[in-house]
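Structural overview for review
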Amino acid sequence: MATRKLLLLPGDGIGPEAMAEVEKLVAVMNDVTGSGFVTETALVGGAAYDAEGAPVSDATMDLALAADAVLFGAVGGPKWDGVAYEKRPEAGLLRLRKDMQLFANLRPAICYPALADASSLKREIIEGLDLLIVRELTGGVYFGEPKEIIDLGNGQKRAIDTQVYDTYEIERIARAAFELARTRRGKVTSMEKRNVMKSGLYWNEVVTRIHRDEYADLTLEHMLADSGGMQLVRAPKQFDVIVTDNLFGDMLSDIAAMLTGSLGMLPSASLGAADEVTGRRKALYEPVHGSAPDIAGKGIANPLAMIASFAMALRYSFAMIAEADALDASIAEVLESGGRTADIMAEGCRRIGTSEMGDAVAERFRARFSS
Ligand code: IPM
Ligand code: MG
């Protein structure tokens, strides 16, 4: 039996509660499909800072680099507000992304029919929504140097972040977006700010060239990122794949999340380049929601984004497409049946907690493989 190595990094806040539900599913999956998942768990974020003095230790980085896939919960919280910038919980996540070279962040926003009324937008705007944000994840202003606050010596300081993109970084994220569009509805919308940023101008130029030379059979359109944000809430169903840089992708994906009803619903996959010999990609899967410290430990968090992130791992790291489809369908069924965590609660539905939600999905999943 094949062994599939998963590294679990639950992190802070609601991360551990959500991850516990994925562990249930891993056990059920091994049981009913013989998938042979082996898990190892390590600390990340504030929890790692407290216990190991760094938001991700070198030992944990080694485990992450050796795993077939990393499942990541969430990091951060007010407890670590005073921690040095280099050691803040978020730095652990950023190191994982950078050192594993996870340049392509896939954030699908799908509106489950049962949740169309949980969104703050009208049902007709979001019903049937299925878009994919492809966010560049290892470049741009997140990592550009210089990044510092300097003393100008005249009572003034200067804060600097650097937005920087090299040709190869834009080329590879553009190709990733076009390849994904090919498996979907064949349309890519590229978002940048070419009207004020050189990096936006160049981003636009490179994406246009890659389209013309390699993907001319697909549709490419360009939008300024501010206008793109507006279009996302005005008429989100016009989009198929959106490709954008690290910072715009961060913001636009939070907007897209809310289209689906709750930030608690949005999974993500962060992928590296395919290894030339094995074809294997380094990969990390995480819910888009953060650590939500205000509700942590209460057993009320929505674990569906974490569970759907595991479904993405099945799809993108293990090519277990039938299992991934079954897991996604199990989530939809539980929502249809009226089971709701607090964040997606609606009239006439049944309010359930984190672990009940996980149990319900696991039960449906088991039923699909036993019938
Ligand atoms: C995200 C988060 C992270 C980011 C934070 C936690 C560093 O907001 O994954 O969207 O800004 O990328
Ligand atoms: Mg974010």
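Relevant structure appears above.
About the criteria used
Residues numbered from 1 in each chain as written. Chains lettered and ligands numbered in written order. Predicted model: local features only at pLDDT ≥ 70, side-chain atom pairs only at ≥ 80, totals over all residues. Heavy atoms only, no water. Axes fitted to C-alpha atoms, helices over the stretch in contact; angles between N-to-C directions. Helix = DSSP H or I, 4+ residues; strand = E, 2+ residues; numbered from the N terminus. Parallel < 35°, antiparallel > 145°, perpendicular 65-115°, else oblique. Left-handed = near helix turned anticlockwise from the far one by under 90°. Contact = heavy atoms within 4.5 Å. Nonpolar A, V, L, I, M, F, W, Y, C, P; charged D, E, K, R; others polar. Pairing = 2+ DSSP bridges.

A separate point is the packing of helix α11 (residues 321-336) against helix α12 (residues 354-370). Where α11 meets α12, the axes come as close as 8 Å, and the angle between the chain directions of the two elements is 125°. Between α11 and α12, the angle falls in the class oblique. Our pair here, α11 against α12, has a crossing hand that is right-handed. Taking contact as the criterion, the partners of E323, A326, L327, A329, S330, I331, E333, V334 and L335 in α11 are, on α12, M357, A360, V361, R364, F365, R368 and F369. The residue inventory of the contact of α11 with α12, partitioned by class, reads 11 nonpolar, 1 polar and 4 charged.

Across the sheet, 10 strands lie side by side as β2-β1-β3-β12-β11-β4-β5-β10-β8-β9; this open sheet has mixed pairing. The open sheet has two edge strands, β2 (37-41) and β9 (219-224), and neither has a second partner. The average undirected angle you get between the axes of adjacent strands in this sheet is 25°. Pairing analysis gives 6 bridges linking strand β11 (residues 267-274) to strand β12 (residues 281-287), with the strands arranged antiparallel. Its bridge partner being in β12, L271 is matched across the sheet by A283. Sitting on the sheet, helix α1 (residues 15-33) is in contact with β1 (4-11), β2 and β3 (69-74), with an inclination near 160° to β1.

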